[in-house]
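# Breakdown of the fold
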Amino acid sequence: MDHFSLNSVGFVNLLSSQCTQTTQNTQNTQTTQTIDVGSSGVPKPVERRKWTTQEDIVLISAWLNTSKDPIVSNQQKLGSFWKRIEDYFNSSSQLTGAVPREWSQCKQRWGRINEQVCKFVGSYEAALKEQASGQNENDVMKSAHDIFFNDYGMKFNLEHGWRELRFDQKWRSNSVSKDGAKEKRKEAAESVSDSDEARPPGVKACKAAKRKKKGNEAAFEKTRNHSRLETQPSQTKNSRSSPL
């Protein structure tokens, strides 16, 4: 039996046909795996848009109103909670003409606002404790921004969010400015004076008042009796001297 020659024409043709078939199979596989990105089955990436100050304020209002709703606050699930915030946000008259936001975008933005504002509350608290005599609110705010930058290595750009949340219980500062402390002391003094005026007299005061009243009554009775004694002799004398 003759050996098959590697240089024969049949062997070369066999190799060529196998290479051609392999190339065609590879191309068919790649064509099959290609997906049309523009088809409806593939989700399009959400366009990233910068949040405006007005959007932040509306989002904070939406979160506060939804979280404090006594009807659904304890019963709503996480998904329905943020869906309500999305509806509140997109229906706000303050954002007329703006592109609507999805609930996932609202949730992500709120997380950042909450985190940054909580950090700034600590910086503002520290600035209040360091407030020197003669410094006003603007000086305290500047000091708070400096403390925030030194602690976190970045500027605080959500002051508008802090001003919306600063009087809420969660973000309220425990310290007050020195001007505020003066006002508080003044109000406290006024309330104390008012309470003193309205406070009923004590036991000793009541006894003293009774003794004083009794003394005045005794003195008045003594004076009245003395006047009667002086009046009676003159009337008797006049009756005797009158003619029959």
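The structure we're discussing is the one just above.
A few points on the structure. (Residues numbered from 1 in each chain as written. Predicted model: local features only at pLDDT ≥ 70, side-chain atom pairs only at ≥ 80, totals over all residues. Heavy atoms only, no water.)

## Considering the overall build of the chain
Within the chain, the secondary structure is distributed over 8 helices and 0 strands. The linear arrangement of helices and strands in the chain, starting from the amino end, is α-α-α-α-α-α-α-α. Residues counted as buried form 22% of the 244 residues belonging to the chain. Counted over contacts in the chain with a minimum sequence separation of 6, partners at least 24 positions apart contribute 62%. With an accessible surface of roughly 19,000 Å², the chain has 53% of that area assigned to carbon and sulfur atoms. (Helix = DSSP H or I, 4+ residues; strand = E, 2+ residues; numbered from the N terminus. Buried < 20%, exposed > 50% of the residue type's maximum accessible area, 1.4 Å probe, protein only. Contact = heavy atoms within 4.5 Å. Areas by Shrake-Rupley, 256 points an atom, 1.4 Å probe, with all protein chains shown as cover.)

## Concerning the packing of helix α2 (residues 53–67) against helix α4 (residues 103–129)
Where α2 meets α4, the closest approach of the two axes is 11 Å, and the angle between their N-to-C directions is 95°. One element, α2, and the other, α4, form an angle in the roughly perpendicular class. Note on element contacts: α4 touches α2 through C106, R109, W110 and I113, opposite D56, L59, I60 and W63. Partitioning the contact of α2 with α4 into residue classes produces 6 nonpolar, no polar and 2 charged. (Axes fitted to C-alpha atoms, helices over the stretch in contact; angles between N-to-C directions. Parallel < 35°, antiparallel > 145°, perpendicular 65-115°, else oblique. Nonpolar A, V, L, I, M, F, W, Y, C, P; charged D, E, K, R; others polar.)

## Quick word on the pattern of salt bridges
Taken as a whole and assessed by the stated rule, the structure comprises 7 salt bridges. The partner of D87 in a salt bridge is K83, with the nearest N and O atoms 3.1 Å apart. One end of the pair is D87 and the other is K83, both in helix α3 (residues 78–90) and 4 residues apart, which spans about a single turn. Among the ionic pairs, E159 bridges to R163, the shortest N-O distance being 2.7 Å. Here E159 and its partner R163 are both found in helix α6 (residues 159–165), 4 residues apart, which amounts to about one turn of the helix. By relative accessible area, E159 is classed as partly exposed at 25%. (Salt bridge = Lys/Arg side-chain N within 4 Å of Asp/Glu carboxyl O.)

## Thoughts on the packing of α3 against α4
When two helices pack together, their arrangement is captured by the angle between the axes and the distance separating the axes. At a minimum axis separation of 8 Å, α3 and α4 run at an interaxial angle of 95°. Between α3 and α4, the crossing angle belongs to the class labelled roughly perpendicular. Judged by residue contacts, L78, W82, K83, I85, E86 and F89 of α3 engage W103, C106, K107 and W110 from α4. Of the residues that constitute the contact of α3 with α4, the class distribution is 7 nonpolar, no polar and 3 charged.

## Description of α3
Between its first and last C-alpha, α3 extends 18 Å over 13 residues, near the 18 Å set by a 1.5 Å rise per residue. Buried within α3 we find F81, W82, I85, E86 and F89. Down the axis of α3, the smallest arc covering the buried residues is 140°, so these residues share one side. The secondary structure elements touched by the buried residues of α3 are α2 and α4. (Expected span 1.5 Å × (residues − 1). Arc of directions from axis to C-beta.)

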